[in-house]
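# Reading the structure
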Amino acid sequence: MPIKSVEDLNSILKRIDGRGYKAYKDIKGQYKFEKFELYIEHVQPDPYASPSKVRARVKQKIAGFPSSLFKNRIRKIAFEDYLARTFYWNIKQISKGHRGSGKSGFINILPCSQQILERTSISINEDAVEARFTMGLPAKGRRILSKEASEMFFKEIPYIIESSLFYKSLKSEELNNHIEVAEDAEYIREHLKEKNLVAFVANDSCLPRASGVDDRPLRKERAILFKSPPSLEVSFHPPHKKEIKGMGIPEGITLIAGGGYHGKSTLLNALAVGCYNHIPEDGREFVVSSPDTVKIRAEDGRFVENTDIFPFIHNLPSGEDTHFFSTLNASGSTSQASNIIEALEVGAKVLLIDEDTSATNFMIRDGRMQELVAKEKEPITPLIDKIRLLYKDLKVSTILVMGGSGDYFDVADTVILMDTYKPVDVSERAKSISKSYKLHRSFEGGNKFGIIEHRIPLPESFRPYRGRGDKVKIKSRGISEIYFGYEKIDLSSVEQLVEEGQTRGIGELIYYAATEIFDGKITLKEALELIEKRLRGNLPDSMFPFSSGEYAIPRKYEIAAAINRLNTLRCKDKHRFGSLDPVR
Ligand code: ADP
Ligand code: MG
């Protein structure tokens, strides 16, 4: 398509003024503005439909960003994140917003959470910086309002772009700090292993959030800032700070104990999102966990497909072979077991478990209960009997919030007591208590954790079509629902999803995997590693249906979680290849 000029856009708008909304189709195309190029990619069919998709591209000659700002992957992601937030903020300042019917007048860009994520809304390279956003083209009823549209195109958009995508308009100190905080956090993440740690919580971190529905930090005067117990204190020397000190959580089994309401879950939740970097002033900038940290919970009612939960569950009264466990309606314990096995299958190295969201019979089985209910009559091998084997055989660490049972003292390496939001290292005391009060329970876990089987998703599992003519229909609603063809995927128990853009991205990536990767031979783990590799290799655009700014890049664990919750999923088992009839 030929490049048109600003005057061309102006004259088209003049020509279609007052006409029916469909005439807006004429403005689709590419326009050369004085300082940038504007691509009107998709024009909405009416004022109430999803808004029109627009892209603005500023050449580096004009934008003027030094390439040091994006010289490595982490800096680039943090830099783009900063621009996305600036763009969003400037829309709020500059755009007049509502101007007529439906979405008329609104300009939007993908909103950002407290986490620094890779998103498709902003992209930068040596050549140019590009922002992708949406515009509600204005109308009164369904009649085009050209004057209002001109205001948006010729006043608001250039102003937003100049104040967001030009280096000289930005607060360079704030921008540098944004990038450096992310780079320092990443440095800590990369150096956890050499210190035999799985997580780190910096001193002076602010862990509590403003409220259950507001992820910003609790006000400074009400929050007690984190302070490491001396025995667990470690220090890091990241590139932009002399030293960051805080609590190191060692590999192995860590218990977070303490009375109710003393801050246990708050600490665990901070660790759960510690797989992501955070913006400055979040309070969790230097709460860092391994990238392979997965939060596990019970999720009764969930669908499970052919998962080998034998390590935790066997001898079901139904006689079902739990090497191939499938259900449309898992119980608390079988769902929690499935969640663990599925996380291990795709590479989880650290599990986070909170008693608040666990099935009691999955966590403990005490001596008295062992006396009453014989092992042969109890299908569940509780986590307490597997948690050490998980570490010994698979090198998978667990961090467990447990205020209700001291039985776990026997299996813990580290015990942290939360006392009025302050952590105390009570590992020695817990060990001596465990010595002086011997448990009258017997160990039921065997001497091996068990084998993690690799499943092969069958291509026919994925049916993204809906309605007449087999149209591909994939949609997300909020952060926790994906509609994939006729199926709804419920992600409300997948706690490490932090942005709607991730959920939307997952829907499209499942489709990508279904059309490009799953072939009845590749395992789920291999497929996800391939997706991850391609996402990293500057290919994201080709993996999403069109160059849209609406996606945030998800982790492989959340993609796996969504695939595992797709009701139509059918899997073969790699090692028992051929022995299993996939059609049930
Ligand atoms: P627990 O899991 O031990 O029962 P929570 O982590 O749910 O406790 O915390 C209980 C309450 O205390 C929550 O409202 C939380 O926001 C608040 N809280 C947690 N940590 C702090 C802190 N460091 N300073 C102030 N309030 C906190
Ligand atoms: Mg709690």
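Each residue is numbered by its place in its chain's sequence as written, counting from 1. For this description, chains carry letters from A and ligands carry numbers from 1, given in the order in which they are written. Side-chain atom pairs in this predicted model are given and counted only at pLDDT of 80 or more, local residue features only at pLDDT of at least 70, and totals for whole chains, interfaces and linings cover all residues. Side-chain numbers come from the whole structure's heavy atoms, not from hydrogens or water.

## What about the overall build of the protein?
Assigned secondary structure in the protein consists of 15 helices and 32 strands. The globule rule used for comparison is 2.2 Å times the number of residues to the exponent 0.38, while the radius of gyration itself is calculated over C-alpha atoms. Computed over C-alpha atoms, the radius of gyration of the protein comes to 27 Å, within 12% of the 25 Å expected from 2.2 N^0.38 for 584 residues, which places it in the range of a compact globule. In terms of principal-axis extent, the alpha carbons of the protein reach across some 85 × 60 × 40 Å. With a 1.4 Å probe rolled over the protein chains alone, any residue whose accessible area is under 20% of its type maximum counts as buried; one over 50% counts as exposed, and the rest are partly exposed. Relative to its 584 residues, the protein shows a buried fraction of 56%. Put simply, 72% of the contacts in the protein that link residues at least 6 apart link residues at least 24 apart. Carbon together with sulfur atoms contributes 51% to the accessible area of the protein, which is approximately 25,900 Å² in total. Here the protein carries 88 positive and 81 negative side-chain charges, and the mean point of each set is 4 Å from the other. Secondary structure counts use DSSP, requiring at least four H or I residues in a row for a helix and at least two E residues in a row for a strand, with both numbered from the N terminus. Contact definition: two residues touch when any of their heavy atoms are within 4.5 Å. Note on areas: these come from Shrake-Rupley sampling with a 1.4 Å probe, and a residue is covered only by the protein chains present in the view. Residues counted as positive are Lys and Arg, residues counted as negative are Asp and Glu, and His and the chain ends are not counted. Note that the charge is assigned to NZ on lysines, CZ on arginines, CG on aspartates and CD on glutamates.

## Quick notes on the pairing of strand β31 (residues 487-490)
Where strand β30 (residues 481-484) meets β31, 4 bridges bridge the pair, whose relative direction is antiparallel. Counted as the bridge partner of Ile482 is Ile489 from β31. Here, a strand pair is defined by DSSP locating no fewer than two bridges between the strands. Where β30 folds back onto β31 in an antiparallel hairpin, the turn is made up of 2 residues, including Gly485, whose phi is positive at roughly 60°.

## What about the nonpolar core?
Phe312, Ile340, Leu383, Leu400, Tyr408, Phe462 and Ile531 are the most contacted members of the largest nonpolar core, which has 79 residues in total. Those residues within four positions of Leu400 in sequence are excluded, and the remaining contacts are Thr254, Leu255, Ile256, Ile353, Met363, Leu383, Ile387 and Tyr408. Nonpolar core, defined: a set of buried Ala, Val, Leu, Ile, Met, Phe, Trp, Tyr and Cys residues in which side-chain atoms within 4.5 Å join the residues together. If you look at the next biggest cluster of nonpolar residues, it comprises 57 residues, including Tyr82, Ala131, Met135 and Ala149.

## Some words on the coordination of the magnesium ion (ligand 2)
In this analysis a donor is any N, O or S atom within 2.8 Å of a metal ion (3.2 Å for sodium, potassium and calcium), and since water is not included, sites may seem incomplete. The protein atoms that coordinate the magnesium ion (ligand 2) are Ser265 (OG) and Asp356 (OD), at distances spanning 2.1 to 2.2 Å. Highlighted residues: Ser265 in helix α6 (residues 264-272) and Asp356 in the loop between β22 (350-354) and α8 (360-363), separated in sequence by 91 residues.

## Here's the deal with the site of ligand 1
Put simply, a residue is near a molecule or strand once any heavy atom of it comes within 4 Å of that molecule or strand. Ligand 1 sits among 14 residues. The nearest are Ile224, Tyr261, Lys264, Ser265 and Thr266. Any pair of nitrogen or oxygen atoms within 3.5 Å is treated as a polar contact; in protein, a donor-acceptor pairing is required on top of that, and neighbouring residues in sequence qualify only through side-chain atoms on both sides. Separating an oxygen atom of ligand 1 from a backbone N or O atom of Tyr261 is a distance of 2.6 Å. Lys264 has a polar side-chain atom sitting 2.8 Å from an oxygen atom of ligand 1. When the free accessible area of ligand 1 is taken as 570 Å², the share hidden by the protein chains comes to 79%.

## Section: the confidence of the model for the protein
Scored from 0 to 100, pLDDT reflects the predictor's confidence in each residue. Of the residues in the protein, 97% have a pLDDT of 70 or more, and the chain-wide mean is 95. Counting contacts from residues 577-584, a segment whose pLDDT is below 50, to residues more than four positions away or on other chains yields 14 contacts.

## Some words on the environment of Leu197
Note on placement: Leu197 falls in strand β11 (residues 197-202). Take Leu197: its relative accessible area is 7%, and that puts it in the buried class. In this view, Leu197 contacts Leu192, Val234, Phe236, Gly248, Ile249, Pro250 and Glu251; residues no more than four positions away in its chain are not counted.

## Re a positive patch on the surface
Two distance rules govern patches: like charges are joined within 9 Å, and nonpolar side chains (Val, Leu, Ile, Met, Phe, Trp, Tyr) within 5 Å, applied only to residues with over 30% relative accessible area and no salt bridge. Each salt bridge in this description consists of a side-chain nitrogen of Lys or Arg and a carboxyl oxygen of Asp or Glu lying within 4 Å of one another. Taken together, the side chains of Lys22, Lys25, Lys28 and Arg142 define a basic patch exposed on the protein surface. Within the secondary structure, Arg142 sits in the loop between β9 (139-140) and β10 (143-144).

## Quick word on the sheet that holds strand β14 (residues 233-236)
Strand pairing in a sheet is mediated by backbone hydrogen bonds. Such pairs are either parallel or antiparallel. Strand order in the open sheet made by the 4 strands is β14-β15-β11-β18, with antiparallel pairing throughout. Both edges of this open sheet fall to β14 and β18 (287-289), since each of them pairs with a single strand only. Taking each pair of neighbouring strands and ignoring which way they run, the sheet shows an average axis angle of 35°. Here 5 bridges tie β11 to strand β15 (residues 244-250), and the two strands are oriented antiparallel to one another. Helix axes are fitted to C-alpha atoms over the stretch in contact, other axes to C-alpha atoms as well, and angles between N-to-C directions run from 0 to 180 degrees.

## A closer look at the side chain of Gln60
As for its position among the elements, Gln60 is in helix α2 (residues 60-63). Excluding anything up to four places from it in sequence, Gln60 contacts Phe65, Phe70, Ile124, Asn125, Glu126, Asp127 and Ala128.

## Observations concerning helix α4 (residues 146-165)
Between its first and last C-alpha, α4 extends 26 Å over 20 residues, near the 28 Å set by a 1.5 Å rise per residue. A residue's bend is given by the angle between axes fitted to the 7 residues ending at it and the 7 residues starting at it. Roughly 30° is the biggest bend found in α4, and it falls at Glu156, with proline Pro158 one to four residues downstream. By this rule, a helix spans an expected 1.5 Å times one less than how many residues it contains.

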